Amino acid sequence: MASVRQKDRGWLMIYATTAADGTRRQHSKMFNGTSKRAAIAEARRLEEQARGLDADANGKTLRGYFAQWLEATATKVSARTLERYTSLLATVSKRIGVTPLAEVTALQLERLYGDLLKNGRADGGPLSPRTVRHIHAVMRKACREGVRWRVMSAAPTDGARPPSVPRTVRPAADGDHLQQLLAAVSDPDLRCIIETAALTGMRRQEILALEWSDLDLDGARIVISRAVEETAAKITVKATKSRA
């Protein structure tokens, strides 16, 4: 960890590097600026440069890195997933987005999780433990990517613990419940959707994307190859990850 101490009219920067054989070596260099904060930043830059980190990481904020990561991720995930990632990371950026990327710590993230559990919603209400765990999971993906890209020396999320999610048991509907539901539905199209979901276990998005060519009425078979995807901008039909 880089450190500085005042000496004469400047600052003595001390930082360490690790050779390929695992040997650690300490370095020192004078910094003639007047700001201790600037001296620490320069020492960290030298340390990261010695580790082979991308020079673009110097001075980048967490918010700036998230924007870069989302742009690179856009071609790898669905529009709905990207929308969800963007929303979750915006919650983080609103709280600690101005933090320099190199200064984000596991302790800072755990404090963030605690704050989000108290008042993380836009209306000031608490976020659920499940949502905070989702935030942690997305940040972990982004930070580990940052290590791979060599813009981060380590992923602070690896040392942070997200909140646990209480186990809940959801009762499954039986035949009587299904009949009660169908009896309360007068719309034949909606009734067909409910019956299909109950008999096949298909997801709602998969049912809504069905076409006549997917049905084999004689063989009593349904081919699942598409699903409806809804985002704030539009509704599209995409291929499923696997064909069933």
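Going by the structure above, here's the rest.
My aim in this report is to walk through the structure given alongside it, one point at a time. (Residues numbered from 1 in each chain as written. Predicted model: local features only at pLDDT ≥ 70, side-chain atom pairs only at ≥ 80, totals over all residues. Heavy atoms only, no water.)

**Focus: the overall build of the protein chain**
On a plain count of helices and strands, the protein chain comes out with eight helices and seven strands. Relative to its full complement of 244 residues, the protein chain shows a buried share of 32%. Counting contacts in the protein chain only where the partners sit at least 6 residues apart, residues at least 24 apart contribute 45% of the total. Carbon and sulfur atoms make up 50% of the accessible area of the protein chain, which totals about 16,300 Å². (Helix = DSSP H or I, 4+ residues; strand = E, 2+ residues; numbered from the N terminus. Buried < 20%, exposed > 50% of the residue type's maximum accessible area, 1.4 Å probe, protein only. Contact = heavy atoms within 4.5 Å. Areas by Shrake-Rupley, 256 points an atom, 1.4 Å probe, with all protein chains shown as cover.)

**Side note on the pattern of salt bridges**
One pass over the full model with this rule turns up eight salt bridges. Two residues, Arg144 and Asp158, come together in a salt bridge whose shortest N-O distance is 3.1 Å. Placement of Arg144 in helix H5 (residues 129-149) and of Asp158 in the loop between H5 and helix H6 (175-183) is noted, with a sequence separation of 14 residues between them. Overall, the relative accessible area of 48% leaves Asp158 in the partly exposed class. Ionic contacts of the salt-bridge type, sharing partners, join the residues Glu211, Asp214 and Arg226 into one network. (Salt bridge = Lys/Arg side-chain N within 4 Å of Asp/Glu carboxyl O.)

**Digging into unusual backbone geometry**
Leave glycine aside and you will find that most residues have negative phi; peptide bonds, for their part, are mostly trans. The phi dihedral of Arg150 falls on the positive side, at around 65°, and the residue is not glycine. Mapped onto the elements of the fold, Arg150 is located in the loop between H5 and H6. Not every positive phi belongs to a glycine, and Ala220 is a case in point at roughly 55°. The residue Ala220 is located in the loop between strand S4 (215-216) and strand S5 (221-222) in this model.

**Re the layout of surface pockets**
Quantified by volume, the largest pocket comes out at close to 680 Å³. Residue lining of the largest pocket: 21 residues in total, with Arg203, Gln205, Ala227, Val228 and Lys238 positioned closest to the centre. Secondary structure elements with two or more residues in the lining of the largest pocket: helix H3 (79-96), helix H8 (204-208), strand S6 (226-230) and strand S7 (235-239). (1 Å grid on protein atoms, 1.4 Å probe; cavity = no way out; pocket = protein on both sides within 12 Å on 5 of 7 lines; lining within 4 Å. Points joined across faces, edges and corners; volume = space filled by probe spheres on them.)

**Details of the side chain of His136**
Within the fold, His136 resides in helix H5. When residues no more than four places from it in sequence are discounted, the contact partners of His136 are Tyr113, Thr157, Ala160 and Pro162.

**Digging into the pairing of S6**
Where S6 lies against S7, five bridges are found, and the strand directions are antiparallel. Looking at the pairing, Ala227 lines up with Lys238 of S7. Connecting the antiparallel pair S6 and S7 is a turn made up of four residues. (Pairing = 2+ DSSP bridges.)

Structural measurements only, silent on function.
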